[in-house]
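Okay, here's what each chain looks like letter by letter:
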Amino acid sequence: AGISNFAIQYNYACASIATAVMLSHDDLTSHRLRPDYPEPHWAKEFLLSVVFIGSVVGMLIMGYLGDLLGLRPALIVTNSMIVLGALASALLSWGSDGEVWGVIMVGRFVLGMGVGGNYPLSAAKASHAVPMHEAIAKTGAAFFLA
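To keep things clear, this report deals only with the structure shown in the data block. Computed from a predicted model, the values in this text were never measured in an experiment.

Side note on helix α4 (residues 97–127)
Consideration 1: Between its first and last C-alpha, α4 extends 45 Å over 31 residues, near the 45 Å set by a 1.5 Å rise per residue.
Consideration 2: Bending of α4 peaks at approximately 30 degrees at the position of Asn118, with proline Pro120 no more than four residues after it.

Okay, here's the thing in structure tokens:
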């Protein structure tokens, strides 16, 4: 659960860094230089938020999947989605400017679903590791004191 939460924050931070690199020209930035991959209008408005939209969808779907399949298989699915989304963004980004940004958007959505799915699943897994009264107290403290 701890590694998953670290990975979540790492992936959120990397989304902003990757966008900055793509908007550079030969790794230089200036409003006078044309970026290597000019950002379409739709990407400017939607690209960073798609990770968070995917997170909400992942929280809703993966919690249910954990109930349906069990926590371990659902965690494998959600962690696989994180890996697939990250790899898709990194390795499948070729073509025209619009295609590159589209692939990155889809990859980030899938990554976001995996990241969001980790929240309910890792909380449920952690609650199974301690007696019920401790799980309730610690979960309540984590939500209300964080």
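Regarding the nonpolar core
Consideration 1: Judged by nonpolar contacts, Met62, Leu65, Leu71, Ala74, Leu75, Met81, Met113 and Leu121 together constitute the single largest core of eight residues.
Consideration 2: Going through the elements one at a time, α2 (41–69), α3 (71–91) and α4 are the ones with two or more residues in this core.
Consideration 3: Ranked by residues supplied to this core, first place goes to α3 with four residues.
Consideration 4: Counting six residues, the second-largest nonpolar core is a separate cluster that includes Met22, Val100, Trp101 and Ile104.

Points about the packing of α3 against α4
When two helices pack together, you describe them by how their axes are tilted relative to each other and by the distance separating the axes.
Consideration 1: It is at 7 Å that the axes of α3 and α4 come closest, and there the two elements cross at 155 degrees. Put simply, α3 runs roughly antiparallel to α4. You can see that α3 and α4 cross each other, and the crossing is left-handed.
Consideration 2: Tallied by class, residues from the contact of α3 with α4 come to 15 nonpolar, nine polar and two charged.

Procedures and definitions
- Residues numbered from 1 in each chain as written.
- Predicted model: local features only at pLDDT ≥ 70, side-chain atom pairs only at ≥ 80, totals over all residues.
- Heavy atoms only, no water.
- Helix = DSSP H or I, 4+ residues; strand = E, 2+ residues; numbered from the N terminus.
- Expected span 1.5 Å × (residues − 1).
- Bend = angle between axes of the 7 residues up to and from the residue.
- Core = buried A, V, L, I, M, F, W, Y, C linked by side-chain atoms within 4.5 Å.
- Buried < 20%, exposed > 50% of the residue type's maximum accessible area, 1.4 Å probe, protein only.
- Axes fitted to C-alpha atoms, helices over the stretch in contact; angles between N-to-C directions.
- Parallel < 35°, antiparallel > 145°, perpendicular 65-115°, else oblique.
- Left-handed = near helix turned anticlockwise from the far one by under 90°.
- Nonpolar A, V, L, I, M, F, W, Y, C, P; charged D, E, K, R; others polar.

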